[in-house]
Amino acid sequence: MIYAKNFTDTSSLVHHFTSGIDKTAPSKTNFLPLFFWNFAGAAVVIALGVIPLPIYWYYVLQNAYSVGLVISIVSSPFLMFVGGVLPHGIFEISAQVIAAAISARLAWYGMNKFLKRKREDIKYIELLKQTLTDTLVLVMPLLFVAAIVETYITPIFIKMIMP
């Protein structure tokens, strides 16, 4: 993304990001690949939480940068945000923040245990069970709804705001 923003002209970026948008309403695209792609990203950041380092910050910053980049290359950033990001972003960004928080909980547990700063009341296996439960109950449904909205509703809004 950084390379693209700094070394590619804006028209190429716009073409790259808009070429995959299905402008027919409603979309005939299947939402499951998008759901699995987003869930895989969230699952990876959660799994990386077992490393006692704050890696989850990279995930949060990269997602914010990606959204900002897409919004910045269109002629009307506000309309793109309202029509292209907000409908599914309410669910997807919430899921990503929750995934980062789950990862942070794992990482901080490991840091506290490694540095012996604080005695943990919960066993590591219980924390892993709680992590799995939170992922399946909180992150997965939010990403599922986000994928449906992004596939079937967002294209309608994008068609209204993009020529």
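The structure this text deals with has already been given above.
Here's a quick rundown of the structure.

Secondary-structure assignment places Asn 38 in helix α3 (residues 32-47). Those residues in contact with Asn 38 that lie beyond four places of it in its chain are Glu 92, Leu 143 and Glu 150.

Below, the discussion takes up the pattern of salt bridges. On inspection of all chains with the given rule, the structure shows 2 salt bridges. Between Asp 134 and Arg 105 there is a salt bridge whose closest N-O contact spans 2.8 Å. Here Asp 134, found in helix α6 (residues 124-152), pairs with Arg 105, found in helix α5 (residues 77-115); they are 29 residues apart in sequence, far enough to count as distant. On the basis of relative accessibility, which here comes to 16%, the residue Asp 134 falls in the buried class. When its relative accessible area of 27% is taken as the criterion, Arg 105 is described as partly exposed. With a closest N to O distance of 3.7 Å, Lys 129 and Glu 126 form a salt bridge. Here Lys 129 and its partner Glu 126 are both found in helix α6, 3 residues apart, which amounts to about one turn of the helix. Classification of Lys 129 by relative accessible area gives partly exposed; the value is 48%.

Cut-offs applied
- Along every chain, residues carry numbers that run from 1 in the direction the sequence is written.
- For a predicted model such as this one, the threshold for reporting local features is a pLDDT of at least 70, and the threshold for listing and counting side-chain atom pairs is 80 or more; totals across whole chains, interfaces and linings nevertheless cover every residue.
- Excluded from the side-chain calculations are hydrogens and water; all other atoms, namely the structure's heavy atoms, are used.
- Secondary structure follows DSSP: runs of H or I at least 4 residues long count as helices, runs of E at least 2 residues long count as strands, and numbering of each begins at the N terminus.
- Contact criterion: two residues are considered in contact whenever any of their non-hydrogen atoms come within 4.5 Å of each other.
- The term salt bridge refers to a pairing of a side-chain nitrogen on Lys or Arg with a carboxyl oxygen on Asp or Glu at a separation within 4 Å.
- The buried label goes to any residue with under 20% of its type's maximum accessible area, the exposed label to any with over 50%, and the partly exposed label to all in between, with areas taken from a 1.4 Å probe on protein chains only.

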